[in-house]
Amino acid sequence: MGVLTSSYDTLRVRFDDDICFVQMHRPDSGNAINTVLIEELGHALGACVGHAKVVVLEGLPEAFCSGADFKEIQTRVDGDGQGGQDGQDPGPLYDLWHQLACGPFVTVAHVRGRANAGGIGFVAACDIVLSETKAVYSLSELLFGLMPACVLPFLIRRVGFAKANYMTLMTQPVAAAQAMEWGLVDACDDNSDNLVRKHLLRLRRLGKDGIARYKRYAGTLDDALAAAKPKALAANLEVFTDPGNLQTIARYVRTGKFPWEAD
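From a predicted model like this one, the values you see are computed outputs, not experimental measurements.

S.K.: Before we move on, can you summarise the state of the cysteines with the specific residues and values?
M.R.: One pass over the structure, following the stated rule, counts zero disulfides. Between cysteine 48, a free cysteine, and cysteine 20, which holds the nearest cysteine sulfur, the sulfur-to-sulfur gap is 3.5 Å. Judged by relative accessible area, which is 0%, cysteine 48 ranks as buried. Sulfur of cysteine 126: no disulfide; nearest cysteine sulfur belongs to cysteine 65 and is 11 Å away.

Here you go:
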């Protein structure tokens, strides 16, 4: 067993033979997605291509991933007043999710706590989703004038348009049992660690070459993710370069007030 922790600021990575455990680890931000997290996850998954047949993506007990790092966005807004005319490139995050969905390994999302907004992108991109019973799933973007543009191709692929549309419009948390009924979650249990252990016992029997061949073939059966990418990136940039949206986000970080609340 190898342990890799010193190489990353936002991750805890360890190998157990040919199974890689990747834990997102930003406890002070609810595991929010920032530029460093995207870069480091991309690096970790790149290392898994040659060394892992199963990748287990985990969060923290109270937060799997809370979505975009609004504090990072606020810093850009406060720096130039607009958050940058071109906005942050959403391509690397979309590519990261595509690697989880189509890479030459089985990807397992182990979800505890809250999975929100971009966190749903990580969940929906994985081959298998194992959830703690207390976990909740939500898309909060429209509350801030945003939309889950890059998440939706992955979520629709998993649960269909109607359920993805409902989650987007309602913005409310969905319990793990409901998420399992919809197909977002494959299995849930009070003891999700034991759930992961039992699934890995079975997955260990699969050969790496067989997994890679299967994932490569499966990717040819549905090209929706690649086809949706240009539209998803354009829609993401549209909402994340809107000055009104950016000011709303910055105000929320500074005051904790939602857009509909008066100053």
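S.K.: Provide a residue-level description of the pairing of strand E3 (residues 19-24), including the pertinent values.
M.R.: Summarising burial for E3: six of the six residues are buried, a large majority. Bridge analysis of strand E2 (residues 11-16) against E3 gives six bridges, and the strand direction is antiparallel. If you follow aspartate 16 over to E3, its bridge partner there is isoleucine 19. What sits between the antiparallel neighbours E2 and E3 is a turn of two residues, in which aspartate 17 has the positive phi angle 55 degrees. Judged from the five bridges that link them, E3 and strand E4 (residues 54-58) form a sheet pairing that is parallel. Looking across to E4, one finds that cysteine 20 is bridged to valine 55. Between the parallel elements E3 and E4, the chain passes through helix H1 (residues 35-51) in a crossover that is right-handed.

S.K.: I'd like a rundown of a nonpolar patch on the surface, residues and numbers included.
M.R.: Taken together, the side chains of Leu142, Tyr166, Leu169 and Met170 present a nonpolar region at the surface, about 390 Å² in accessible area. Mapped onto the secondary structure, leucine 169 falls in helix H6 (residues 161-170). Look at leucine 169 and you get exposed, because its relative accessible area is 54%.

S.K.: If you had to explain H1 to someone new, which residues and values would you point to?
M.R.: In this model, H1 (17 residues) spans 25 Å end to end at C-alpha, consistent with the 24 Å of a helix rising 1.5 Å per residue. For H1, the set of buried residues is Leu37, Ile38, Glu40, Leu41, Ala44, Leu45 and Cys48. Across the axial projection of H1, the buried residues extend over an arc of 170 degrees, all falling on one side. Residues of H1 that are exposed and point more than 90 degrees away from the buried face comprise Glu39, His43 and Gly50. Looking at the packing, one finds that the buried side of H1 touches E2, E3, E4, helix H3 (91-102), helix H4 (118-125) and helix H9 (208-221).

S.K.: Hey, could you go over the nonpolar core for me, with residue numbers and the actual values?
M.R.: Ranked by size, the top nonpolar core spans 56 residues in total, and within it Phe64, Phe122, Tyr137 and Leu155 carry the most contacts. In terms of nonpolar packing, the next biggest core, distinct from the first, is built from 14 residues, Val56, Val106, Ile128 and Ile211 among them.

S.K.: Give me unusual backbone geometry: which residues, what numbers.
M.R.: A negative phi angle characterises most non-glycine residues, just as the trans form characterises most peptide bonds. Despite not being glycine, aspartate 17 has its phi angle at roughly 55 degrees, a positive value. Structurally, aspartate 17 is set in the loop between E2 and E3. Even without a glycine there, the phi angle at alanine 117 is positive, about 50 degrees. On the secondary structure map, alanine 117 appears in the loop between strand E7 (114-116) and H4. On the accessibility criterion, alanine 117 (7% relative accessible area) is buried.

S.K.: Let's hear about the pattern of salt bridges: which residues, and what values?
M.R.: As enumerated under the stated definition, the model contains seven salt bridges in all. Across the salt bridge formed by aspartate 69 and arginine 26, the nearest N and O atoms sit 3.0 Å from each other. With aspartate 69 in the loop between strand E5 (63-65) and helix H2 (70-80) and arginine 26 in the loop between E3 and H1, this residue pair connects regions lying 43 residues apart in the sequence. For the pair aspartate 69 and arginine 26, one class covers both residues: buried. Across the pair aspartate 186 and arginine 158 runs a salt bridge whose closest N-O atoms are separated by 2.6 Å. Of the two residues, aspartate 186 is situated in the loop between helix H7 (176-182) and strand E11 (187-189) and arginine 158 in helix H5 (residues 152-159); the sequence distance between them amounts to 28 residues. The class of aspartate 186 is partly exposed, set by a relative accessible area of 40%. Accessibility expressed as a relative area gives 19% for arginine 158, which makes it buried.

Calculation criteria
Position labels on residues start from 1 in each chain and follow its written sequence. A pLDDT threshold of at least 70 governs which residues receive local features in this predicted model, and a stricter bar of 80 or more applies before side-chain atom pairs are shown or counted, although totals over entire chains, interfaces and linings include all residues. Heavy atoms throughout the structure, all of them, feed into the side-chain values; hydrogens and water do not. Any cysteine sulfur atom paired with another within 2.5 Å is treated as part of a disulfide. When accessible area is computed with a 1.4 Å probe and restricted to protein chains, residues below 20% of their type maximum are described as buried, those above 50% as exposed, and intermediate ones as partly exposed. Note on conventions: DSSP H or I runs of at least 4 residues are helices, E runs of at least 2 residues are strands, and numbering of each starts at the N terminus. Strands were regarded as paired on the criterion that DSSP finds at least two bridges between them. Orienting the strands away from the viewer, one traces the path from the first strand over the helix to the second; a clockwise path indicates a right-handed crossover. Each patch is built from residues lacking any salt bridge and having more than 30% relative accessible area; the joining distance is 9 Å for like charges and 5 Å for nonpolar side chains (Val, Leu, Ile, Met, Phe, Trp, Tyr). Computed by Shrake-Rupley with a 1.4 Å probe, the accessible areas treat only the displayed protein chains as cover when residues are assessed. For this document, the term salt bridge refers to a Lys or Arg side-chain nitrogen within 4 Å of an Asp or Glu carboxyl oxygen. Residue count minus one, scaled by 1.5 Å, sets the expected span of a helix. Each C-beta atom gives one direction from the helix axis, and the arc is the one those directions make. Note on contacts: a residue pair qualifies if any of its non-hydrogen atoms lie within 4.5 Å across the two residues. Each nonpolar core is a collection of buried residues, namely Ala, Val, Leu, Ile, Met, Phe, Trp, Tyr and Cys, held together in the definition by side-chain atoms within 4.5 Å.

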